[in-house]
Amino acid sequence: AKRRVAFGASLDEKPLHIDTVAQIASEAEGAYLLAQRCVELLGRDEAGEPSDGDRALLRILTPLAKLTTAKQAVQIASETLECFGGGGYVEDTGLPRLLADAQVLPIWEGTTNVLSLDTLRSLMDAEVLPALQKELASYLGEAKDPALRPAVEAVQKAVTRAQAWMQEAGDRRPVVEAGARRFALTLGRSLELAYLAAHAQWCLDHDRGRRALAAARRMAHTGVDCLGPQAVPLDESALLIHDGV
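Residues numbered from 1 in each chain as written. Predicted model: local features only at pLDDT ≥ 70, side-chain atom pairs only at ≥ 80, totals over all residues. Heavy atoms only, no water.

Caption draft 1: Looking closely at the overall build of the protein. When helices and strands are counted, the protein shows ten helices and two strands. Secondary structure elements in the protein, listed N-terminal to C-terminal, are β-β-α-α-α-α-α-α-α-α-α-α. For the protein, whose C-alpha radius of gyration is 20 Å, the value lies close to the compact-globule estimate of 18 Å for 245 residues. Across the 245 residues of the protein, 40% fall into the buried class. Taking the intrachain contacts of the protein between residues at least 6 apart in sequence as the baseline, contacts between residues at least 24 apart amount to 73%. When the accessible surface of the protein is split by element, carbon and sulfur atoms take 56% of a total near 14,000 Å². (Helix = DSSP H or I, 4+ residues; strand = E, 2+ residues; numbered from the N terminus. Rg over C-alpha atoms; globule rule 2.2 N^0.38 Å. Buried < 20%, exposed > 50% of the residue type's maximum accessible area, 1.4 Å probe, protein only. Contact = heavy atoms within 4.5 Å. Areas by Shrake-Rupley, 256 points an atom, 1.4 Å probe, with all protein chains shown as cover.)

Caption draft 2: Quick look at unusual backbone geometry. Of the consecutive residues glycine 110 and threonine 111, the connecting peptide bond is found in the cis state with omega at 5°. Tracing the backbone shows threonine 111 in the loop between helix H3 (95-108) and helix H4 (112-122). Look at phenylalanine 7: it is not a glycine, yet its phi comes out positive at around 55°. Position of phenylalanine 7 among the secondary structure elements: in the loop between strand S1 (5-6) and strand S2 (9-10). We classify phenylalanine 7 as exposed; its relative accessible area is 81%. With a phi close to 55°, aspartate 207 is a non-glycine residue in the positive phi region. Its place among the elements puts aspartate 207 in the loop between helix H8 (180-205) and helix H9 (211-222). Taking the relative accessible area as the measure of exposure, aspartate 207 reaches 71% and is therefore exposed.

Caption draft 3: Geometry of the packing of helix H1 (residues 15-46) against H8. Packing of H1 against H8 brings their axes to within 8 Å, and their N-to-C directions diverge by 95°. Judged by the angle between their axes, H1 and H8 are roughly perpendicular. Packed against H1, whose contacting residues are Ser26, Glu27, Glu29, Gly30, Ala31, Leu33, Leu34 and Arg37, the element H8 presents Gly188, Arg189, Leu191, Glu192, Tyr195, Leu196 and His199 at the interface. Across the contact of H1 with H8, the residue classes tally to six nonpolar, four polar and five charged. (Axes fitted to C-alpha atoms, helices over the stretch in contact; angles between N-to-C directions. Parallel < 35°, antiparallel > 145°, perpendicular 65-115°, else oblique. Nonpolar A, V, L, I, M, F, W, Y, C, P; charged D, E, K, R; others polar.)

Caption draft 4: Highlighting the side chain of glutamate 27. Secondary-structure assignment places glutamate 27 in helix H1. Leaving out residues up to four positions away in the same chain, glutamate 27 has contacts with Gln72, Ile76, Arg189, Met219 and Thr222.

Caption draft 5: Just a nonpolar patch on the surface, in detail. Together, Val104, Leu105, Ile107 and Trp108 line one region of the surface with nonpolar side chains, adding up to about 430 Å² of accessible area. With respect to the element layout, leucine 105 can be found in helix H3. (Patch = residues over 30% accessible without salt bridge, like charges linked within 9 Å, V, L, I, M, F, W, Y side chains within 5 Å. Salt bridge = Lys/Arg side-chain N within 4 Å of Asp/Glu carboxyl O.)

Caption draft 6: Seen up close, the nonpolar core. Counting residues in each nonpolar core, the largest one holds 55 residues, and the members touching the most others are Leu61, Leu132, Leu191 and Leu193. At 14 residues, H8 tops the list of elements feeding residues into this core. (Core = buried A, V, L, I, M, F, W, Y, C linked by side-chain atoms within 4.5 Å.)

Caption draft 7: A look at the packing of helix H6 (residues 149-169) against H8. The geometry of H6 relative to H8 is characterised by a closest axis approach of 9 Å and an angle of 155° between their N-to-C directions. Between H6 and H8, the angle falls in the class roughly antiparallel. Both H6 and H8 take part in a crossing whose hand is left-handed. From H6, Ala151, Ala154, Val155, Ala158, Val159, Ala162, Trp165 and Met166 reach across to H8, where they touch Ala180, Phe183, Thr186, Leu187, Ser190, Leu193, Ala194 and Ala197. (Left-handed = near helix turned anticlockwise from the far one by under 90°.)

Caption draft 8: Here's a closer look at H9. Taking 1.5 Å of rise per residue, twelve residues should cover 16 Å, and H9 covers 16 Å from first to last C-alpha, within 8% of that figure. All of the buried residues in H9 are Ala212, Leu213, Ala215, Ala216, Met219 and Ala220. End-on, the buried residues of H9 take up no more than an arc of 160°, which puts them together on one face. Seen from the buried face of H9, the exposed residues on the opposite side, beyond 90 degrees, are Arg211 and His221. Those residues of H9 hidden inside the fold are in contact with H1, helix H2 (52-83), H6 and H8. Looking one or two places after H9, you find glycine 223, whose phi comes out positive at around 105°. (Expected span 1.5 Å × (residues − 1). Arc of directions from axis to C-beta.)

Encoded structure:
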């Protein structure tokens, strides 16, 4: 950004480019915190020290972390290469390899659809949902600063929406499976934002700057609800396939 020049200034002086990089940074920080929370739980499990709540939480966080961070990796790598312009495409710069390596994640660590269905399967364990609700409430409860209120509310609204969607779908298995990806991504991104909000509060309390706060506010603005106001009816989805559109 300090070397490339466009429209009369280096990119690090262009508000649009700063906004783009800020978006990349917020997604990366959320993904990192979700991954590290899984590392913590996995470490306890491997050391033989997990609580029943830890085991239940790890059961659902494993597919959620894989599918959410894998999708983010592809998006972030692609956007980052675009920041380099033509150099992001030329093979001998080494940059395209970053995108190729990122692209393998949702393929090899999933696929996304398989992990989404695994998320649904994990919820069949009666201990999983209470553990997930406790996790979200605990981390959101740490975010006390008024500036973090939008982040807290974004998570609460998204999770409430996800629960309402599940209740509305009920025992209509085809409908549940058709929306499983959007449902799982909503949970994954909500967890990321909850962790990011709690981390931002810690940074504020310990004079570690406002970077995490900015990332949390940015992610809240971008949105974590992937279900949308209304799921596409399953019959319409099938119609697109069977009619050869």
